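As a plain string of letters, each chain reads:
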Amino acid sequence: MQAREPIPLEAIRAARERIAGSAVRTPLIRLAVDDAPAEIWLKLENLQPIGSFKVRGAGNAMALADPTLLARGVYTASAGNMAQGVAWHARRLGIPCTAVVLETAPETKLAAITRLGAEIVSIPFDDWWKVVVTHRYEPLADRYFIHPVSDLNVMAGNGTIGLEILEDLPDMDAVIVPYGGGGLSCGIASAVQALRPMVKVYASEVETGAPLAAALAAGTPTEASYEPSFVDGISSRSVLSEMWPLAKELLAGSLVVSLEETASAVRLLVERNHVVAEGAGATSVAAALKGGAGAGSVVCVVSGGNIDAAKLSKILSGQIP
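Everything numeric in this text was worked out from a predicted model, so none of it was measured.

## What to know about the overall build of the protein
Inference 1: Counting secondary structure elements, the protein contains 13 helices and 10 strands.
Inference 2: The globule rule puts the C-alpha radius of gyration for 321 residues at 20 Å, and the 18 Å found for the protein is close to it.
Inference 3: Judged by the C-alpha coordinates and their principal axes, the protein covers about 55 × 45 × 40 Å.
Inference 4: Taking all 321 residues of the protein together, 60% fall into the buried category.
Inference 5: Counting only carbon and sulfur atoms, one obtains 50% of the accessible surface of the protein, whose full area is about 12,200 Å².
Inference 6: With 26 positive and 33 negative side-chain charges, the protein shows a spacing of 3 Å between the two charge centroids.

## A word on the pairing of strand E8 (residues 200-206)
Inference 1: The buried fraction of E8 is high, at six of seven residues.
Inference 2: Judged from the five bridges that link them, strand E7 (residues 174-178) and E8 form a sheet pairing that is parallel. Bridge pairing links Val177 to Ala203 in E8.
Inference 3: The pairing of E8 with strand E9 (residues 254-257) spans four bridges and is classified as parallel. Note that in E9 the partner of Val206 across the bridge is Val257.

## So, the environment of Val177
Inference 1: On the secondary structure map, Val177 appears in strand E7.
Inference 2: Distance in space between the C-alpha atoms of Val177 and Tyr202 is 6.2 Å, their sequence separation being 25 residues.

## Concerning the sheet that holds E8
Inference 1: Spatially, the six strands line up as an open sheet ordered E1-E2-E10-E7-E8-E9, and their pairing is mixed. Each of the sheet's edge strands pairs with one partner strand only, and the pair in question is strand E1 (28-30) and E9. Mean inter-strand twist for the sheet, computed between neighbouring axes without regard to direction, equals 30°.
Inference 2: Contacts between helix H7 (residues 152-168) and the sheet are confined to E1, strand E2 (39-44), E7 and strand E10 (297-302), with E2 contributing the most and set at about 135° to the helix.

## A closer look at the sheet that holds strand E5 (residues 119-123)
Inference 1: What the four strands build is an open sheet, ordered E5-E4-E3-E6; its pairing is parallel. Each edge of the open sheet carries a strand with a single partner, namely E5 and strand E6 (144-145).
Inference 2: Strand direction decides the pairing type here: strand E4 (residues 97-102) and E5, joined by five bridges, are parallel. Looking at E5, one finds that Val100 is bridged to Val121.

## Some thoughts on H7
Inference 1: Compared with an ideal rise of 1.5 Å per residue, which puts 17 residues at 24 Å, H7 spans 25 Å between its outermost C-alpha atoms and is within 8% of the ideal.
Inference 2: Most of H7 is tucked away: 13 of the 17 residues are buried.

## Side note on the packing of helix H2 (residues 54-64) against H7
Each packed pair of helices is defined by two parameters, the angle between the axes and the distance between the axes.
Inference 1: Close contact between H2 and H7 brings their axes to 7 Å; oriented N to C, the two are set at 135°. When the axis of H2 is compared with that of H7, the two are oblique. As H2 runs across H7, the sense of the crossing is right-handed. Residues Arg56, Gly57, Asn60, Ala61 and Leu64 of H2 touch H7, and the partners they reach there are Asn153, Val154, Ala156, Gly157, Asn158, Thr160, Ile161 and Glu164.

What counts, and at which threshold
Residues numbered from 1 in each chain as written. Predicted model: local features only at pLDDT ≥ 70, side-chain atom pairs only at ≥ 80, totals over all residues. Heavy atoms only, no water. Helix = DSSP H or I, 4+ residues; strand = E, 2+ residues; numbered from the N terminus. Rg over C-alpha atoms; globule rule 2.2 N^0.38 Å. Buried < 20%, exposed > 50% of the residue type's maximum accessible area, 1.4 Å probe, protein only. Areas by Shrake-Rupley, 256 points an atom, 1.4 Å probe, with all protein chains shown as cover. Lys, Arg positive; Asp, Glu negative; His and termini not counted. Charge placed at Lys NZ, Arg CZ, Asp CG, Glu CD. Pairing = 2+ DSSP bridges. Axes fitted to C-alpha atoms, helices over the stretch in contact; angles between N-to-C directions. Contact = heavy atoms within 4.5 Å. Expected span 1.5 Å × (residues − 1). Parallel < 35°, antiparallel > 145°, perpendicular 65-115°, else oblique. Left-handed = near helix turned anticlockwise from the far one by under 90°.

Set out below in structure tokens:
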């Protein structure tokens, strides 16, 4: 299903009530950098129970699913965080869960998925991307599939972040959201545009896989270069066709950052705010520090904090994993 219209505000508000007992209302804090090009704020979704915003969308989608279908078991395709979100709720509901993950998924995320009781199927990127595009993995076709990006109920759950940001900082000028498939950025933008249409919502991408920037430049989804990196929570070769109409309507642009800039942002967050962010979650901060969203009041969504300790150690020592 193509998300041709923004997620309705009433659906996002209903999602907020629905997930209130499971998702945390995360804090919004100032980035402790005095000479930044903007007044930068951090929306700390890394503080969710699974270390990622994915607990919101997964919870809303599963709460609205037919219980008889859920009872067969659920599965999702994930770089690691959506799998944790679905597994967290599946354990709470007492139903089987399988995560179809990238073979390059970090050990930290794999260990967390296992702790939550889910089974793991690890496949190459091209096979994994096919699951995302077709919404189907044949060996698990008898189970209920929760799409990590374009499920409208998942996006409504993600949009609850936008409601919280607006309550805490109604006079903001812009929001920067990491772009993996668009479910987070378009969910947040749906809420923000409904309530404060003058606020710009930008995507942040990394240069090793920036399909939205490529699509915006071409005027249509097109294949972008892709290389696996420590920024594992985002990056792909193309924008999902079902997400393109909404992304081009709601998002003010894509702010592309380098691996070096992303690693620097991860390090800065630890040193200045004692915040641990994974690579994807730090791209928004890296983009704001470049001045990409302007000089006003800018909110950066720190989407997750599930980074391997060894990678974090290298980053803190000035290296790029």
